Amino acid sequence: MNIEVSQNTVTSTTNNVPTRSSEGPRRQRRRGRFWSTLAFYTAIGFFILNILAMVCTVVLDSLGKQWFATWFPEGLFTTQWYAFAFSDHDIVQLLSNTLIVAIGATFISMLVGFPAAYVLARQQFRFKGALMGFYLLPMLVPPLAYGIPLATVLLRYIGGELPGVILINVVPTLPFVILILVPFIEQVDISLESASHMLGANRLQTFWRIVLPLVMPGLLTAGILAVVRVIAMFELTYLVANADAGTLVVTLYGDAFASGMRPEQAINAMAVVYMLTTMALLIIALCFVKPTQFVVRLKGK
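The shown structure was predicted, so the numbers you read here are calculated from the model rather than taken from an experiment.

Counting its regular elements, the chain contains 14 helices and 0 strands. Taken from the N to the C terminus, the helices and strands of the chain come in the order α-α-α-α-α-α-α-α-α-α-α-α-α-α. Buried positions account for 36% of the 301 residues belonging to the chain. Across the chain, every contact between residues at least 6 apart in sequence was considered, and the portion connecting residues at least 24 apart equals 72%. Of the roughly 19300 Å² of accessible surface on the chain, 69% is carried by carbon and sulfur atoms.

In structure tokens form, the structure reads like this:
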């Protein structure tokens, strides 16, 4: 009897001890995770290093007199190329044109895109997927495919002034705004609107007191991303804008590829001005709006 108990005890203890056959796959999985994590962070680090190297190269070249076979430019920390760029261009007008085009195109896109996004998020109807695909078509088609005929029409009836530049930038910005707003509206429970109607509120009161405060994070997020997107868009603005309605990115392209000789350092100085303008707008916007926190709050509600 004692022998049987001891044998059972030995058997139970041996079953609890991990065998070599079970440790092998675990080690292989750990090694696989280690190498995949290492490869991921190596790729991310290499990408960030390349971005920093390109940005630093442009900044250093804009601050030096010449750069040939040395590690750093000669005459570093000079501002003569920035003075040349400011004397060659009206930077204040370029900045004002850029902001007017970005804010105007974003405002029109938000004004038209919010009702469209609300209908797509709330209503179910035939050919809804086809309509959504039609809205997103300007984001999928290359800008020059529809930009050239559209620019021809705008130049004929409006001209190359700022209103034409704003309208042509609304075309790709509107579906971008709709794509962002639809998920935010879908997260708002429709029962809140039904309860508001049951308590005697009309549609305008329900929209102003219930829908708008809950969707405001999505509107702010879409507005921020749309402004940055419009500032970075080049092709459509280049097709329509005349000399008085040029933006920073169009002027930068003209300095780099148009006829006439300009120093490379002056072109890099304009690139630094454009980069600082975009980053400043993005940082200022993110000081007031944090999209990730808004999404978490909206989900929590």
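To continue, consider the packing of aromatic side chains. Throughout the structure, instances matching the rule amount to 7 aromatic pairs. Chaining the aromatic ring pairs together yields one cluster made of Phe234, Tyr238, Tyr253 and Phe257.

Moving on, we get to the confidence of the model for the chain. Of the residues in the chain, 87% reach a pLDDT of 70 or more, and the chain-wide mean stands at 81. Scored below 50 in pLDDT, residues 293-301 makes 10 contacts in the model with residues more than four places away or belonging to other chains.

Moving on, we get to the environment of Glu186. Mapping Glu186 onto the fold places it in helix α8 (residues 162-187). Separated by 65 residues in the primary sequence, Glu186 and Ala121 place their C-alpha atoms 5.5 Å from one another. Excluding residues within four positions of it along the chain, Glu186 makes contact with Ala121 and Arg122.

Rules behind the numbers
Residues numbered from 1 in each chain as written. Predicted model: local features only at pLDDT ≥ 70, side-chain atom pairs only at ≥ 80, totals over all residues. Heavy atoms only, no water. Helix = DSSP H or I, 4+ residues; strand = E, 2+ residues; numbered from the N terminus. Buried < 20%, exposed > 50% of the residue type's maximum accessible area, 1.4 Å probe, protein only. Contact = heavy atoms within 4.5 Å. Areas by Shrake-Rupley, 256 points an atom, 1.4 Å probe, with all protein chains shown as cover. Phe/Tyr/Trp six-rings, centres within 6.5 Å; stacked < 30°, edge-to-face > 60°. pLDDT = per-residue confidence, 0-100.

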